[in-house]
Amino acid sequence: YIRVAWDFGDGITADNVSYPSHIYEKPGKYIITLYGYGYNGLIGTHTDSIVIKEPTATLQADDLEGCIGNMVTLFAKADSTRSYVWDFGDGHVVTTTDTFFAHQYNMPGIYTPKLLVKNEDGCSSFASMNDKITIRPNPTVGIAPNDPIVCLGQGTQLQATGGATHSWTPATGLSNSNIASPIASPVITTRYTVEVADDIGCKNTGSVTVQVVSPVI
């Protein structure tokens, strides 16, 4: 041959290269054709085929919404996969050979996990979740009044905000320790702490001191 031409089967060709290299961008079976030319034109063709493999995977999570510190388990469904590289979307990346991995999210935010899978031939591909993982911030607790003072034998109403449920401790001197706005009538100066939880159980606490004064006789 005085000239050769290659057709790699994916729309790409190369001329006058005896030992070409080629990168296939998509999986599939490709027919490779080599054309040999002489002085009078085409004098021979040779064909062969190559199969480009790409592992396929899907990614799912057992929980899409949680609180700070929540453990989320990601599950991969993949074929002929040798290794899994888990990217949790919060800066943490882990490589395993298991089809699942549990990860703790320690900061509030919205995260999109991704997965890189690699098969026995060293071929790799990415998978990402269609849904996002939302980690809520802890509720912001507000208590009014800020510095309550009551006379001995009297009471003052406390008001907690920032959540769906409330639990006050200690319960001593309170009209109801499980409401947002109990009446506090302690007999001594008492520091009350309220635990507030939102609709999915994310919690935070706040405190207030009720100062008790005795009348001067």
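Keep in mind that this is a model prediction, so the values were computed, not measured.

Visitor: I tried to follow the overall build of the protein on my own but got confused; where do I start?
Guide: Of regular secondary structure, the protein possesses zero helices and 22 strands. Taking 2.2 N^0.38 as the reference for a compact globule, 217 residues should give roughly 17 Å; the C-alpha atoms of the protein span a radius of gyration of 34 Å, well beyond that estimate. Referenced to the eigenvectors of the C-alpha coordinate spread, the extents of the protein come out at roughly 125 × 25 × 20 Å. Of all 217 residues assigned to the protein, the portion counted as buried reaches 31%. Taking as baseline every contact in the protein between residues at least 6 positions apart, the subset at least 24 positions apart corresponds to 50%. Surface summary for the protein: the accessible area is close to 13100 Å², and the carbon and sulfur share equals 50%. A distance of 2 Å separates the average location of the 12 positive side-chain charges in the protein from that of its 20 negative side-chain charges.

Visitor: Looking at this model, I keep getting lost on the environment of Pro-148. Mind explaining?
Guide: In this fold, Pro-148 is placed in the loop between strand E15 (142–144) and strand E16 (149–151). Along the chain, Pro-148 and Gln-211 lie 63 residues apart, while their C-alpha atoms are 6.3 Å from each other. Ignoring sequence-local partners within four residues, the contact set of Pro-148 consists of Thr-156, Leu-158, Val-208, Thr-209, Val-210 and Gln-211.

Visitor: Sorry if this is basic, but what is going on with the nonpolar core here?
Guide: Side chains that are nonpolar tend, in soluble globular proteins, to be buried together. Counting 17 residues, the largest nonpolar core has Leu-74, Trp-86, Tyr-105, Leu-115 and Ile-133 as the members making the most contacts within it. Broken down by secondary-structure element, the contributors of at least two residues to this core are strand E5 (57–61), strand E7 (70–78), strand E8 (81–87), strand E12 (114–119) and strand E14 (133–136). With 13 residues, the next largest nonpolar core counts Ala-160, Trp-168, Leu-174 and Val-196 among its residues.

Visitor: Hey, could you run me through the sheet that holds strand E2 (residues 13–15) in this one?
Guide: In any sheet, the strands associate via hydrogen bonds between backbone groups, in a parallel or an antiparallel arrangement. Reading across the sheet, the four strands line up as E2-E1-E3-E4 and stay open at both edges, with antiparallel pairing between neighbours. The two strands at the open ends of the sheet, each matched to only one other strand, are E2 and strand E4 (41–52). On average, each strand axis in the sheet is inclined to that of its neighbour by 15°, with strand direction left out of account.

Visitor: How should the pattern of salt bridges be read in this particular structure?
Guide: Opposite charge on two side chains allows them to pair when their charged atoms are near. This model, assessed by the stated rule, comprises six salt bridges. Between Asp-15 and Arg-3 there is a salt bridge whose closest N-O contact spans 4.0 Å. Of this pair, Asp-15 sits in strand E2 while Arg-3 sits in strand E1 (residues 3–7), and the two are 12 residues apart along the sequence. The partner of Asp-199 in a salt bridge is Arg-136, with the nearest N and O atoms 2.5 Å apart. Residue Asp-199 is located in the loop between strand E21 (190–197) and strand E22 (203–213), and its partner Arg-136 is located in strand E14; the two are separated by 63 residues in the primary sequence. Of the residues examined, Asp-199 reaches a relative accessible area of 58% and is grouped as exposed. Here the residues in one salt-bridge network are Glu-65, Arg-136, Asp-198 and Asp-199, joined through shared partners.

Visitor: What is the right way to look at a nonpolar patch on the surface in this model?
Guide: Together, Leu-152, Val-187 and Ile-188 make up an exposed nonpolar region whose accessible area comes to about 310 Å². Locating Leu-152 in the fold gives a position in the loop between E16 and strand E17 (156–157).

Visitor: Just checking my understanding: could you explain the packing of aromatic side chains for this structure?
Guide: Scanning the entire structure with this criterion turns up five aromatic pairs. Taken together, a centroid distance of 6.5 Å and an interplanar angle of 35° make the contact between Phe-75 and Phe-100 tilted. Of this pair, Phe-75 sits in strand E7 while Phe-100 is found in strand E10 (residues 100–105), placing the two residues 25 residues apart along the sequence. For Phe-75, a relative accessible area of 39% translates into the label partly exposed. Since its relative accessible area comes to 45%, Phe-100 is described here as partly exposed.

Visitor: How should I be thinking about unusual backbone geometry in this particular structure?
Guide: In most cases, non-glycine residues show a negative phi, while peptide bonds are predominantly trans. The omega angle of the peptide bond from Ala-144 to Pro-145 is -5°, so this bond is cis rather than trans. On the secondary structure map, Pro-145 appears in the loop between E15 and E16. Cis geometry marks the peptide bond from Thr-169 to Pro-170; its omega dihedral reads -10°. Tracing the backbone through its elements, the reader meets Pro-170 in the loop between strand E19 (165–169) and strand E20 (183–184).

Criteria and cut-off values
Residues numbered from 1 in each chain as written. Predicted model: local features only at pLDDT ≥ 70, side-chain atom pairs only at ≥ 80, totals over all residues. Heavy atoms only, no water. Helix = DSSP H or I, 4+ residues; strand = E, 2+ residues; numbered from the N terminus. Rg over C-alpha atoms; globule rule 2.2 N^0.38 Å. Buried < 20%, exposed > 50% of the residue type's maximum accessible area, 1.4 Å probe, protein only. Contact = heavy atoms within 4.5 Å. Areas by Shrake-Rupley, 256 points an atom, 1.4 Å probe, with all protein chains shown as cover. Lys, Arg positive; Asp, Glu negative; His and termini not counted. Charge placed at Lys NZ, Arg CZ, Asp CG, Glu CD. Core = buried A, V, L, I, M, F, W, Y, C linked by side-chain atoms within 4.5 Å. Pairing = 2+ DSSP bridges. Axes fitted to C-alpha atoms, helices over the stretch in contact; angles between N-to-C directions. Salt bridge = Lys/Arg side-chain N within 4 Å of Asp/Glu carboxyl O. Patch = residues over 30% accessible without salt bridge, like charges linked within 9 Å, V, L, I, M, F, W, Y side chains within 5 Å. Phe/Tyr/Trp six-rings, centres within 6.5 Å; stacked < 30°, edge-to-face > 60°.

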